[in-house]
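This is what each chain is made of:
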Amino acid sequence: MDNTKIRVRYAPSPTGYIHIGNLRTALYNYLFAKHNHGTLILRVEDTDKERKVEGAVESLISSLKLLGIEYDEGPFKGGDYGPYFQSERLDIYMKYALELVEKGNAYYAFETSEELDAMREKQLADGKQTMYDGKARDFSKEKVEELLASGIPYVIRLKVPRDSEVTFEDIVKGTVTIETNLIDDQILIKSDGYPTYHLANVIDDHLMEVTHIIRGEEWVTSVPKHVLIYESLGWKPPVFAHAPLILNPDKSKLSKRQGDVAVEDYLKKGYLKETLINFLAFLGWNPGEGEEEELLSMNELILKFTLERVHKAGAIFNIDKLNWMNNHYIKEYDLDSIINMSLPYFEKANMDISNTERMRKIISLMRVYVDKLEDLPLKSEMFFTDKVKFAIPEEEEILKTEDSKRIMVSLKREVESVEMITPENFKEIMKKVQDETKLKGKGLYKPVRLALLGSEHGPDLAKVAEILGKEQIISFLNVYI
RNA sequence: GCUCCCAUCGACUAGGGGUUAGGUCACCACUCUUUCACAGUGAAAACACGGGUUCGAAUCCCGUUGGGAGCGCCA
């Protein structure tokens, strides 16, 4: 690598939500750019009029920002290489396409989509590589003029040289070689005058002086076409780095059906941005050699990230580990932030959050128990009900025994005797109840737990009691006296 | 079907000619705790297979098998 400034780009098409895989690509570009004090370009690849979704660009940018991925050049931000929407660069693509035709590296073709579909089907049936048969490849100049003049729709195709091969270097894959006879005469300009991804991508990456193309592995097979375009235009291709795919548990490419793939879905469920970034960074990359810490912040990732350490094989998206990591961050996070982030989930569950001090205690106590913020209200349900719900309904019977009654009576009297419940005095109360009833351990605590929170298991009883408060405790006890 | 890519515990991965093949998640046990969770300690768990090369192969080479991606006037 020479000492020119590193320039990378994240080039999404605005077709809706951000896929987890795309976020990982954006992340790797960001980490690589920051690590090398380079520039991250955001370029919107909106050359498919059919699939374009209104508002997708804005939501994409705000999601990236939320996750801490900031680009240096791009929409709404500017830069010296704009415009950054491909739909605003149409004349540029046409100019180069024409140049390619002029040089004999591209040609006009006149088949309809239907004709091409039929051709493909036949090739598939014959067990051949599907590709354009090259009929229009060698049309005479006169014939092309004539057809063009007649006004029938046309496309411009790349004239791939025959009987040769293309080789390119990829930082993660190594050297990849492919015979040109297997490369399709790719369409460069569609009949609507828009460029295809392949053309627009190559031209923009060159014009925007992109030094490294970092993207998902699904693109490797089209690199030879791109290299051919670079060469035909007399340009030097950038360095390629294709990151391994993120996989479903069945090893197919990560998709809806087998779980969430939209970043927004994870955010909505209360996965923290730190978790998503940290987790995704390690899907296909790791700092290696003696580095055993896996809990890394964005800044630490920037410091350690290199493309050479990107793994080759696909990585399964393991929700268990994601959950573990999120639980870790929820526990470690600044409590006030967690409270602010959690409150909306309680509101959504119609729980009364007006008592801020109480909410603080609840969230502080319960956050250890959840994998994602979304689960907090359900886990905290016992603090928002006036009738205890039993985890195991049969266990309510335990509260109807004589011993239980004695406990309830004694406990009620002690609770009534104090001004207000604190974790400390509740412990003393329990001690007194123990002395009075001569019951201890499970025999004492299980009934109390059941009466107050409906389950034998759960957080520290003294803390639960404090949150419940004197009145609530007495009302729960009364049920069994 | 064709082309390209890939292959270490169940998952993510470290290592990369001589290692007790290491770590993290999950699983199991123990400790802590009135309980659960957390935390801590420990256990179990892998080099796909077959040939080479070599004194020596998980590591290099070839093949097989398995898996994935791509094969659009989508990106």
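For clarity, every value in this text was computed on a predicted model and none was experimentally measured.

**A closer look at the side chain of E414**
With respect to the helices and strands, E414 occurs in helix α15 (residues 402–417). Comment: no salt bridge for buried E414; closest opposite-charge side chain is K432, at 4.0 Å. When residues no more than four places from it in sequence are discounted, the contact partners of E414 are I429, K432, V433 and E436.

**What to know about the packing of helix α13 (residues 356–366) against helix α18 (residues 461–478)**
α18 packs onto α13 with a crossing angle of 155 degrees between their chain directions and a minimal axis gap of 10 Å. Classified by the angle their axes make, α13 and α18 are roughly antiparallel. Viewed along their axes, α13 and α18 form a crossing whose handedness is left-handed. Contacts between α13 and α18 pair R358, K361, I362 and L365 from the former with K463, V464, E466, I467 and L468 from the latter. A per-class count over the contact of α13 with α18 returns five nonpolar, no polar and four charged.

**Overview of the protein's contact with RNA strand B**
Near RNA strand B lie 64 residues; those nearest to it are G127, K190, N286, Y369 and H457. Restricting the count to atoms of RNA strand B within 4 Å of the protein gives a sugar and phosphate share of 74%. D48 is positioned such that a nitrogen or oxygen atom in its side chain is 2.8 Å from a sugar or linking oxygen of RNA strand B. In this structure, a phosphate oxygen belonging to RNA strand B sits 3.2 Å away from a side-chain N or O atom of R309. Every element with two or more residues in the surface near RNA strand B is listed here: α4 (113–125), β6 (174–179), β11 (315–316), α11 (319–332) and α17 (442–453).

**Focus on unusual backbone geometry**
Located in the positive-phi region is H37, a residue other than glycine, with phi close to 55 degrees. Residue class for H37 comes out exposed when judged on its relative accessible area of 66%. The backbone of K251 sits at a positive phi, close to 75 degrees, despite the residue not being glycine. By the secondary structure assignment, K251 is in the loop between β10 (246–247) and α8 (263–269).

**Here's the deal with the pairing of β6**
Direction of pairing for strand β5 (residues 165–170) relative to β6: antiparallel, over a ladder of six bridges. Bridging from a neighbouring strand, E169 pairs with T175 of β6. Linking β5 back to β6 in an antiparallel pair, the connection comprises three residues.

**So, the sheet that holds strand β4 (residues 155–158)**
Pairing is antiparallel in the open sheet, where three strands are placed in the order β3-β4-β7. Every interior strand has two partners, whereas the edge strands, β3 (106–109) and β7 (187–189), have only one. Averaged over all pairs of adjacent strands, the angle between their axes in this sheet comes to 45 degrees, without regard to strand direction. Alignment of β4 against β7, held across two bridges, turns out to be antiparallel.

**Thoughts on the environment of I330**
Its location among the elements puts I330 in helix α11. By relative accessible area, which is 0% here, I330 ends up buried. Along the chain, I330 and E374 lie 44 residues apart, while their C-alpha atoms are 12 Å from each other. If we skip the residues at most four places from it in the chain, I330 touches G270, L272, I338, R367, V370, D371, K372 and L373.

**Describing α15**
For α15, with 16 residues, the first-to-last C-alpha span of 23 Å sits near the 22 Å given by 1.5 Å per residue. Those residues of α15 that fall on the buried side of the exposure criterion are S404, I407, M408, S410, L411, E414 and V415. Those residues of α15 that are buried are in contact with α16 (423–437), α17 and α18.

**Focus: the confidence of the model for chain A**
Chain-level statistics for chain A give a pLDDT mean of 92 and a share of 99% at 70 or above. As a predicted assembly, this complex carries a pTM of 0.94 together with an ipTM value of 0.95.

**Observations concerning the nonpolar core**
Judged by nonpolar contacts, the single largest core of 106 residues is most densely connected at I69, F317, F426 and L452. A per-element tally of this core places α18 first, with 10 residues. The contacts of I69, once residues within four sequence positions are left out, are L23, A26, L27, Y30, L40, L64, I277 and M298. One finds V144, I156, I183 and W235 within the second-largest nonpolar core, a separate group that totals 34 residues.

**Some points on the packing of aromatic side chains**
Counting across every chain of the model gives 13 aromatic pairs. Summarising the aromatic geometry, the rings of F168 and F240 are spaced 5.7 Å apart at their centres and angled 70 degrees between planes, so their arrangement reads as edge-to-face. Of this pair, F168 sits in strand β5 while F240 sits in strand β9 (residues 239–243), placing them 72 residues apart in sequence. Both residues of the pair, F168 and F240, belong to the buried class.

So, how was this worked out
Residues numbered from 1 in each chain as written. Chains lettered and ligands numbered in written order. Predicted model: local features only at pLDDT ≥ 70, side-chain atom pairs only at ≥ 80, totals over all residues. Heavy atoms only, no water. Helix = DSSP H or I, 4+ residues; strand = E, 2+ residues; numbered from the N terminus. Buried < 20%, exposed > 50% of the residue type's maximum accessible area, 1.4 Å probe, protein only. Lys, Arg positive; Asp, Glu negative; His and termini not counted. Salt bridge = Lys/Arg side-chain N within 4 Å of Asp/Glu carboxyl O. Contact = heavy atoms within 4.5 Å. Axes fitted to C-alpha atoms, helices over the stretch in contact; angles between N-to-C directions. Parallel < 35°, antiparallel > 145°, perpendicular 65-115°, else oblique. Left-handed = near helix turned anticlockwise from the far one by under 90°. Nonpolar A, V, L, I, M, F, W, Y, C, P; charged D, E, K, R; others polar. Near = heavy atom within 4 Å. Polar contact = N/O pair within 3.5 Å; in protein donor to acceptor, adjacent residues only side chain to side chain. Pairing = 2+ DSSP bridges. Expected span 1.5 Å × (residues − 1). pLDDT = per-residue confidence, 0-100. Core = buried A, V, L, I, M, F, W, Y, C linked by side-chain atoms within 4.5 Å. Phe/Tyr/Trp six-rings, centres within 6.5 Å; stacked < 30°, edge-to-face > 60°.

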